[in-house]
Amino acid sequence: MMVSLVRPILLLLALSWIATAQTPDLILIHGKILTVDANDSIVEAVAIAKGKIVAVGSTAEIQRRATPATRVVDLHGLTATPGLIDTHGHFVASGVDELFSVVLNDVQRVSDAVERIRAKAATLKPGEWLVGAGWDEGKLAERRYLLASDLDKVTPNNPVWLMHTTNHYGVANSYALKLAHITASTPDPPMGTIDRDAQGNPTGVLKESAKDLMVNLTPPTTPEQWQRGILHSIEGLHREGMTAVKDPQLTPPMWDAYRELLRQNKLDERVFVLWDSGHTLESARQTLAIISKLPRPPASLGDGLLLSGGAKIFMDGSGGARTAWMHQPWNKNRTETDGTNVGYPATDPEVYRQMVRLFHQAGVHVGTHAIGDRAIDWVVDTYAEVLKEKPTRGLRHSIIHCNLPTDHAIDVMASLQKQYDAGYPEAQAPFMWWIGDTYAGNFGPQRSQRLEPMKTWLAKGVRWTGGSDYDVTPFAARYGIWASLERETLKGVYGAHPFGTAEAIDVHTALRSYTAWAARQLFLEDKIGTIEPGKDADIAVWDHDLYSMPAADIKNLKCELTLFGGRVVYQDAASPIAIQK
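Residues numbered from 1 in each chain as written. Predicted model: local features only at pLDDT ≥ 70, side-chain atom pairs only at ≥ 80, totals over all residues. Heavy atoms only, no water.

A.B. asks: How would you summarise the packing of aromatic side chains if you had to cite specific residues and measurements?
C.D. replies: Scanning the entire structure with this criterion turns up 16 aromatic pairs. Ring centres 6.2 Å apart and planes at 80° place the aromatic pair Trp-135 and Tyr-145 in the edge-to-face group. Of this pair, Trp-135 sits in strand β10 (residues 130–135) while Tyr-145 sits in the loop between β10 and α5 (148–152), and the two are 10 residues apart along the sequence. One exposure class covers both Trp-135 and Tyr-145, and it is buried. Relative to Tyr-169, the ring of Trp-135 has its centre 6.0 Å away and its plane inclined at 90°; by these criteria the two rings are edge-to-face. Of the two residues, Trp-135 sits in strand β10 while Tyr-169 sits in strand β12 (residues 169–172), which places them 34 residues apart along the sequence. Neither Trp-135 nor Tyr-169 differs from the other in exposure class; each is buried. Within the aromatic cluster, the residues linked to one another by ring pairs are Trp-330, Phe-431, Tyr-439 and Phe-443. Above the face of the Trp-378 ring, Arg-353 is positioned so that its terminal group lies 3.9 Å from the ring centre. The ring of Tyr-479 has Arg-478 sitting right over it, with the charged end atom 4.5 Å from the ring centre. (Phe/Tyr/Trp six-rings, centres within 6.5 Å; stacked < 30°, edge-to-face > 60°. Helix = DSSP H or I, 4+ residues; strand = E, 2+ residues; numbered from the N terminus. Buried < 20%, exposed > 50% of the residue type's maximum accessible area, 1.4 Å probe, protein only. Lys NZ or Arg CZ within 6 Å of the ring centre and 35° of its normal.)

Structure follows, in C-alpha cells:
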C-alpha cells in the first residue's frame, strides 16, 4: 500500500518540478529572432527560465507561457541573434594595453604618434618605461615604420617600447636599445629580425623573437592589472553583443586572473583559453603538465564559463612584418618584390611536428598560428600525419588566421574535418579591413585574391570560425561579418577591393561563423551559438536586421541589449526596448 502511494507522489513532484523549470521568468516578444539553428529559422519570441531558453515561437505562443511573475522584454520589432563569439582575440592582454599603455591605433601621421609619446613622457620620472601599442604603418600618411630616430627627440630620459598592432614587431627608442645591449654588431636572434638602416645600425624596429629582447625588459603586469584588463574587455564585449571568446597565448598569471574573477562571480563572459606552448619540445612538455591538471573541454570551470582549451603554437610570423613563411618571395608596395625574403618559421618545423604529436597523443586540442601558404601547408600536413598515427575524432585542431591557404591545404582541411573533426580555420575577416592596406601591399596583386578564401572554403565543405585577433583589429564582431561580405580596406591605398570580391560570402554564412560554428570551436555547441530550447540564453539585440539591411551598413550595427545567461548585462541608454519588471 505504501509503495503504491509513493510512486504517484514522486511522479507528481517530478511533473511539478518540470513545469516550474519550464515556466519562464523572462520572455522576449515582438522581435525578429534569428535563431541560426540548422534551418536558419526566424521567430518572434523567446522564453527563458533560469538562464536557459525553454521555448521559441510566435509572440502569442510565448505570451501564453508567461505568469504574472514573468518579466517581459518588448523588442518593438528589433532583431535578435545568438550572442556573438570571437574565436581568436587577446582579451586579457589587450584590456591591459588599453588601460595601462599609450594607445596608438588611431594615429594618422608619424608626428601624431610622436606628440602622443611626448605628452606621456612628460608625466614620467627619468628612467621610467613608456610602453605603447597599436601603431600601424599602413594607417600612417608616410606609410613607413615608426623609428627610434622619431622617438629619441621627445624621450631622451626614458626607455620606450611601442608594439605594432600585429604584436609581431615593435619599435624601441635608443635609450631602450642601449638597455637591451642592441647595437650594430648584435646578430639577429633565431627566428627574429633586427631591422637596420643602410649603414647597418638598428632602426629600433624589432621583429618576431627579436622583440623579446625588449619585451623581457619592460615592467611585468601585476595580478590586479590582469584582472582589470579582463573586466575592461568584458564591458566592451557586452556593448557589442558578444558573450564568448577564445583567448589564446595564455600564461599562468593570466589564467589566475580569470580564475579569481570567476571566484568573485565577475566573469560574465564565456572564455576558452589556449596556453602559450613556446617554441621548443621542452616548453611544450611544461605546458602539457599545466593542461593535464585541469578539466578538458567540454568540461569547464563555472559551468561553461572558463575552459582550459588546449595549446597554441606559432608556425610563422606576420603578414604585416613580411615574416610569415611563404612559398614565393614577399611583395612590397603592391608590385615590388622584397628581394628573396620568403619569411621564416617561428618554430623549427621538425620541432613543431614533435610538439603537435605530443599534444595530440595526450588528447589535447591544438591551435597553430599560420599565415603564410608554406606555413599552412606544413600545419595541415602535420595534423594529417599525427591523426593517421593516432586516429582521434573531435579534438578540432585549428589553423589560426589561415590567411593564404593553397589548394592542397584546403583539400586537406576538408578531409580532416570530415574524417576527424579537425583542421578548422579560425579566420579574421577584419584583417582585410583594418590592416588591409598593409596586407595588400605585402601580398601583392595575385596572392591577394586568395586571401581569406571563404567562398572556396564553403564550396569545398570547409567550416571556419570568425574572430578579430584583438587588439590587432577592433573586436566588434559586426566588423568581421561586414568584412566577410565586402572585403574592403580601411584606406583604399590600392583601391577599395585589392582582395577582390570573388571570395565574398553571404550574411547568413558570415553570421554562422560568429555563432553556431564558433561555438563548436569553443566546445560549447551544446550551450551556446544558436537560439534553441535547452541552450543558455546568451542573446544580442540589434538596431537593424542583418539579413535585410544593406551589406555595406552592417559594420555600423548598434547593439541595443545583451543577455548573458538570461541576465541583462548591457542595455543602450537610448534603446527603445522596454523591460517590464
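Resuming the write-up.
A.B. asks: An account of helix α15 (residues 436–448) is needed here, citing residue identities and associated values.
C.D. replies: Here α15 spans only 10 Å end to end across 13 residues, well under the 18 Å set by a 1.5 Å rise per residue. In α15, a bend of some 70° at Asn-442 exceeds every other bend along the element, and Pro-445, a proline, comes one to four places later. Among the 13 residues that make up α15, 11 are buried, leaving the element largely enclosed by the rest of the structure. Listed as buried for α15 are Gly-436, Asp-437, Thr-438, Tyr-439, Ala-440, Gly-441, Asn-442, Phe-443, Gly-444, Arg-447 and Ser-448. On its buried side, α15 packs onto β18 (331–332) and α14 (431–434). (Expected span 1.5 Å × (residues − 1). Bend = angle between axes of the 7 residues up to and from the residue. Contact = heavy atoms within 4.5 Å.)

A.B. asks: Tell me about the sheet that holds strand β27 (residues 578–580), and please be specific about residues and values.
C.D. replies: Spatially, the five strands line up as an open sheet ordered β5-β4-β1-β6-β27, and their pairing is mixed. The sheet is open, and its two borders are formed by β5 (52–57) and β27, each paired with just one other strand. For this sheet, the mean inter-axis angle between neighbouring strands, taken without regard to orientation, is 15°. Looking at chain direction, strand β6 (residues 71–74) and β27 are connected through three bridges and run antiparallel. Bridge pairing in β27 links Val-72 to Gln-580. (Pairing = 2+ DSSP bridges. Axes fitted to C-alpha atoms, helices over the stretch in contact; angles between N-to-C directions.)

A.B. asks: I'd like a description of the sheet that holds strand β3 (residues 42–43), backed by residues and values.
C.D. replies: Hydrogen bonds along the backbone pair up the strands of a sheet, which may run parallel or antiparallel. Taken together, the six strands give an open sheet; going across it, the order is β3-β2-β7-β24-β25-β26, and neighbouring strands pair in mixed fashion. Edge positions in the open sheet fall to β3 and β26 (567–571), since each of these has one partner strand only. As paired strands, strand β2 (residues 32–34) and strand β7 (residues 79–82) are joined by two bridges and run parallel to one another. Across the sheet, the residue bridging to Ile-33 is Ala-80, located in β7.

A.B. asks: Go over unusual backbone geometry with me, naming the residues and quoting the values.
C.D. replies: For the bond from Pro-297 to Pro-298, the omega torsion is 10°, close enough to zero to count as cis. Of the consecutive residues Tyr-470 and Asp-471, the connecting peptide bond is found in the cis state with omega at 15°. Checked against the element boundaries, Asp-471 lands in the loop between β23 (465–466) and α17 (477–486). Positive phi is not limited to glycine here, since His-30 has a value of about 55°. For His-30, the location among the structural elements is in the loop between β1 (26–29) and β2. Here the phi dihedral of Val-36 falls at roughly 55°; this positive angle occurs in a residue that is not glycine. The residue Val-36 is located in the loop between β2 and β3 in this model.

A.B. asks: Which residues make up the environment of Thr-335, and what are the values?
C.D. replies: Within the secondary structure, Thr-335 is located in the loop between β18 and β19 (336–337). Looking at Thr-335, the relative accessible area reads 63%, which means it is exposed. C-alpha of Thr-335 to C-alpha of Gln-446: the two residues are 111 residues apart in sequence and 9.6 Å apart in space.

A.B. asks: Can you lay out the pattern of salt bridges for me, pointing to particular residues and giving the numbers?
C.D. replies: The final tally for this structure, using the stated rule, is 30 salt bridges. Residue Asp-545 pairs with Lys-32 through a salt bridge whose shortest N-O separation is 2.4 Å. With Asp-545 in the loop between β24 (539–542) and β25 (559–564) and Lys-32 in strand β2, this residue pair connects regions lying 513 residues apart in the sequence. Judged by its relative accessible area of 27%, Lys-32 is partly exposed. Of the charged contacts in the structure, one is a salt bridge between Lys-139 and Asp-136, with a shortest N-O distance of 2.7 Å. Owing to a relative accessible area of 3%, Asp-136 belongs among the buried residues under this scheme. (Salt bridge = Lys/Arg side-chain N within 4 Å of Asp/Glu carboxyl O.)

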